[in-house]
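# Observations on chain architecture
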Amino acid sequence: MSIRTLLSTLSLTSCLVGTLSSAGYAEMIQLSSFTSDPTRTSSKTVKEWMAQIEASDPKQPQTEIVSITNIRLDRTDAGLQVILETPEGTTLQSSTREVDNSLIIEIPNAVLSLSLGKEFRTEKPLDGIASIVVTQLETNRVQITIAGTKAAPLAQVVSSGNGLQLSLTPDDDAPEEEITVTGAGDRQNLLPQTGIAREEFSRRNNLQLGDILQRLPGVVGGGPPGENREVRLRGLDKEFTRIQIDGVTLPDGGEKREFQVNRLPSFLVDEVKIIRNPTAEYESDGIAGRVSVKKTTIPQDFVLQGRAALGGYDRLGSNIQNYQIGIGDRPSPNFGYLGAFSYLKNPIEIDKFKLFSTGKSELEGETTRLEYYDTLLDIAAFYDRGEIHLKPLLLIFNIDKNKFKLFQEPRRPATREEEREIERRYTYGAGLTHQHRFNGGIRLDTDLGYYVATEDKDKTRLAFEQDRRGIFQFKRSSPEVEQKRDGVFNLATALTIPVQAGLRHEIKLGGAMRLRDRNRDKERFQIDDRGRRTRTTEAKDNYELKENYFAGFIQDQIWLSDRFSILPGVRIETVSLTSRDGTSREAEKTVTDVNPSLHLLYRATDTISFRAAISRGLNRPKFDELSPFEQEKGDRITIGSPDLDPARSLNLDVGAEYADQHFLVGVNFFYRDIKGVIEEVDTGLVRNRKRIFQVQNVGNGWTSGFELEQRLNLGFTGVEGLKGLTLWANQTFLDSELTDASGRERRFKDQPRFVANLGLDYTYEPWGTTFTIAYGYISSRDEFRADGSTKTIEPASTLNLAVRQRIGANVSLFFEATDLLGGDKKVEREVFRDGSTSLKEESVGTRYLIGVSWNF
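Every chain is numbered independently, its residues counted from 1 as its sequence is written. Per-residue local features are limited, in this predicted model, to residues with pLDDT of at least 70; the limit for side-chain atom pairs, both in listing and counting, is 80 or more; totals at the level of whole chains, interfaces and linings are taken over all residues. As a rule here, side-chain values cover all heavy atoms of the structure and leave hydrogens and water aside.

Attention shifts here to the environment of Thr683. Relative to the elements of secondary structure, Thr683 occurs in strand S37 (residues 663–687). Between the C-alpha atom of Thr683 and that of Val695, which follows or precedes it by 12 residues, the distance is 9.2 Å. Only heavy atoms matter for contacts: two residues are in contact if any of them lie within 4.5 Å across the pair. Those residues in contact with Thr683 that lie beyond four places of it in its chain are Ile692, Phe693, Gln694 and Gln696. Two N or O atoms form a polar contact when they lie within 3.5 Å of each other; inside protein one atom must be a possible hydrogen donor and the other a possible acceptor, and for residues adjacent in sequence the pair counts only when both atoms belong to side chains. A polar atom in the side chain of Thr683 sits 3.3 Å from the backbone nitrogen of Leu685. To qualify as a helix, a DSSP run of H or I must reach at least 4 residues; to qualify as a strand, a run of E must reach at least 2; elements of each kind are numbered from the N terminus.

This is how it looks when you write it as structure tokens:
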């Protein structure tokens, strides 16, 4: 990014912040002179004036502030009930009035303490009722606005010892519609983020978490064809992305601290969000952003759901098998449970062909059998002021892989390799979460958990060479055994404190601790055609790490007005590392970071929001780079880097959004100024006539881009056949520059310039038919290597189709076709330092699935 562009961006941000501040100040003046209720008329009745005078009289007894902890909707034969739940023994006082087609209910002695945020909103809960919105006004006043389509709904208000109950009657007897709740309302959330909920992604071709993520803005998938194994936010390498599941960063086998997203089936997922610029309550690690996954939750009523599917590549069959079942209930107010199991068998055949300009060729065939067994439980106890959940988890991933490679080169004998690999991965453990709600809206959230990831791999490679008769003769075998174990203990707690004096505040403070014990034990050998055995294990292959993480944070969301709020915060993180290589060479390192942040939200109207965020972030080194190893290979000596610091960044996001019932358009600009990017360099030192190479914090750079989102529901047309039709799209424009140790300027590795998704979701309710189609495009990606060669991944497109047909009240048939544009195909071009080139193609077929799903 040029200096001119950066200055323009900072000027734009300054103007936006100034505008927001001016707007908030003007609005505060207006509120001090009139009222914070935008729906109230300027005139008052005598009764209303007397009520206001009595409320402001210091001689009047003060009413206890009551926390509204939950809002529930229940259907009745007569209409709808809105239930506001409070702690046992507390009551809510209310007053009711009508404004045009809306019924306004005000509760003067209450604060919202919802787990989902500061606003409850539902659109069209019943024919005749357009919306129900519950919002916090001033410091201790809650307003319920119930908008009717033709006239203000009729309501009966009943106060009880643990809340308030509103019985609503619709204005006509038209058919009921499904209730759609936008609970927390992202419009009230300061976080620059995007995401998708189960109601939407369950209609599409989403077997696993990676399938869900690949259609979100700025996401580039990675891994072998046919597997969405990796997530690269904003096009950066997977090491710049962090993934948390129910707030916990689960351990996995990857050296780049990544969690392989094909490990979690979509059936176990309730919501996925991409947090673009975290607040202080989130861990600072992850310069590109954080993926926050919320697992499926305990239902209020008994639910038995699942699906069974069969399929194959390029044809229907039974090679692919997928079976899922989940059961949950809350049989009493004090107890609830959820259990879910998923099985997937996915055999993939990959054809690879690589051709060099020198005439050399490599032909490879790979057959991989993938099996997933995934189980989760959630057992919960509820009481008046809180809840406790025990959440065991078991993820099993089995890989059986066979490879065949044929190498041919002019004037040289052909060679052949055969490889067999068996890999078993387990992630298991349990989390204990506790939420307790105190008087005055104060809430304490605590998460405790222990998880272990293991990886056992057994691989053997056989090499053959063609003799003069054209017969391949055995030359050597290379057996390899590897074991990894990563055990993590987590403890995190956060205290939320609403402050009702002066301006409304919500202070949040807490801490986190993570104790990690990780090791890798790898042994490699080579056995020649005479049976001679040579150990080829390298120093880098074995290590042991003890990494202890401690953090504390404090943040304060301040409402300068009902529509303008700011959230300053700071997070302090300390990581102490003890690393040991396979020869017991040991090193220690402690790193402390202080990362401040500031987030702003201005809701210009109920449909238009502006956000800005600035923070400091970081990216911790790969695990295997932290070992103090030394290894000599070929013409070089490579040494480990236990003294590595994290790469650090200044993060800026500025965005705006328009969202109503039928239309959404959003734009977000981001900029990351990154210092100390970790890369391997030639140190300039020589030992035994061999140059010494080491990974160091040597690169500085930046990345920036625009993320656009659009959504249009054609229900606003009033045409019955278009009511269930939604068009959606997102586009991401990316740019970057990295200056490496040699002074060369280049883009970040494999970052595309453009990523786009376009889709259509359509449900025709009279027939019970749902149709979805999704198209994705990723532009070309470049990698500039240290040896002077370059690699380019050609542009790629995907097209997915899914059809669902309801055949009963609770049963549906479905058909899915994934990668209709010739299958998942990857094309790479390389230009080597000597000017020669190569072309490599990898592809799998189109995946077809047919099955049945149920939900009782």
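There's plenty left to go through after this.
A word on the pairing of strand S45 (residues 796–806). Pairing between strands is defined by DSSP: at least two bridges between them are needed. Strand direction decides the pairing type here: strand S42 (residues 769–778) and S45, joined by 10 bridges, are antiparallel. When the sheet's bridge partners are listed, Ala774 is paired in S45 with Asn800. By the bridge criterion, six bridges tie S45 to strand S46 (residues 811–818) in an arrangement that is antiparallel. Bridge pairing in S46 places Leu801 opposite Ala817.

As a further point, take the sheet that holds strand S18 (residues 269–275). Sheets are built from strands paired through backbone hydrogen bonds, the pairs being either parallel or antiparallel. Strand order in the open sheet formed by four strands is S14-S18-S19-S17, with mixed pairing between adjacent strands. Each edge of the open sheet carries a strand with a single partner, namely strand S14 (193–197) and strand S17 (241–245). Shown here is a sheet whose adjacent strand axes are inclined to one another by a mean of 15°, direction ignored. Convention adopted: a line fitted to C-alpha atoms gives each axis, helices being fitted over their contacting stretch, and angles between N-to-C directions are expressed from 0 to 180 degrees.

Here nine bridges tie strand S39 (residues 725–739) to strand S41 (residues 754–764), and the two strands are oriented antiparallel to one another. Paired with Leu725 across the bridge in S41 is Tyr762. The pairing of S41 with S42 spans 10 bridges and is classified as antiparallel. Residue pairing for S42: Leu760 is matched across the bridge by Ile773. As consecutive antiparallel partners, S41 and S42 are separated by four residues, and within that stretch Gly768 has a phi angle of approximately 70°, a positive value.

Moving on, we come to the pattern of salt bridges. Oppositely charged side chains can form a pair if their charged atoms are brought close together. In what follows, salt bridge is the name for a side-chain nitrogen of Lys or Arg lying within 4 Å of a carboxyl oxygen of Asp or Glu. Scanning the model with the defined rule gives 82 salt bridges in all. Close ionic contact of Glu830 with Lys354 constitutes a salt bridge, the shortest N to O distance being 2.9 Å. Of this pair, Glu830 sits in strand S47 (residues 825–831) while Lys354 sits in strand S22 (residues 335–356); the two residues are 476 residues apart in sequence, bridging distant segments of the chain. Residue classification places Lys354 among the buried positions, given a relative accessible area of 15%. Note that Glu842 is salt-bridged to Lys840, the shortest N-O span being 3.4 Å. When salt bridges that share partners are traced, they join Glu255, Arg257, Lys457, Glu482, Lys484, Asp486, Arg516, Arg518, Arg520 and Glu547 into one network. Relative accessibility decides the category of a residue: with a 1.4 Å probe and only protein chains considered, values under 20% of the type maximum give buried, values over 50% give exposed, and everything between is partly exposed.

Further remarks concern the side chain of Asn322. On the secondary structure map, Asn322 appears in strand S21 (residues 320–332). Within polar-contact distance, the side chain of Asn322 engages the backbone oxygen of Tyr343 at 2.9 Å. For Asn322, the residues in contact, after removing those within four places along its chain, are Leu207, Arg307, Ala308, Ala309, Ser342, Tyr343 and Leu344.

Turning our attention to empty space enclosed by the protein. Only protein atoms enter the calculation, which uses a 1 Å grid: trapped sets of points that fit a 1.4 Å probe without letting it out are cavities, open sets showing protein on both sides within 12 Å along at least five of seven lines are pockets, and any residue with an atom within 4 Å of a point is a lining residue. Grid points are joined across faces, edges and corners, and a volume is the space filled by probe spheres set on the points. As enumerated under the stated definition, the model contains 13 cavities of 30 Å³ or more in all. When its volume is computed, the largest cavity comes out at roughly 140 Å³. Lining the largest cavity are 16 residues, with Arg242, Thr249, Arg257, Arg516 and Phe623 positioned closest to its centre. Here the element with the most residues in the lining of the largest cavity is strand S28 (residues 504–528); it accounts for three residues.

If you trace the backbone, Phe267 turns up in the loop between S17 and S18. On the basis of relative accessible area, Phe267 is assigned to the buried category, the value being 9%. For the pair Phe267 and Leu209, spaced 58 residues apart in sequence, the C-alpha separation works out to 8.9 Å.

Remember that the coordinates give geometry; whether it matters functionally is a separate question.
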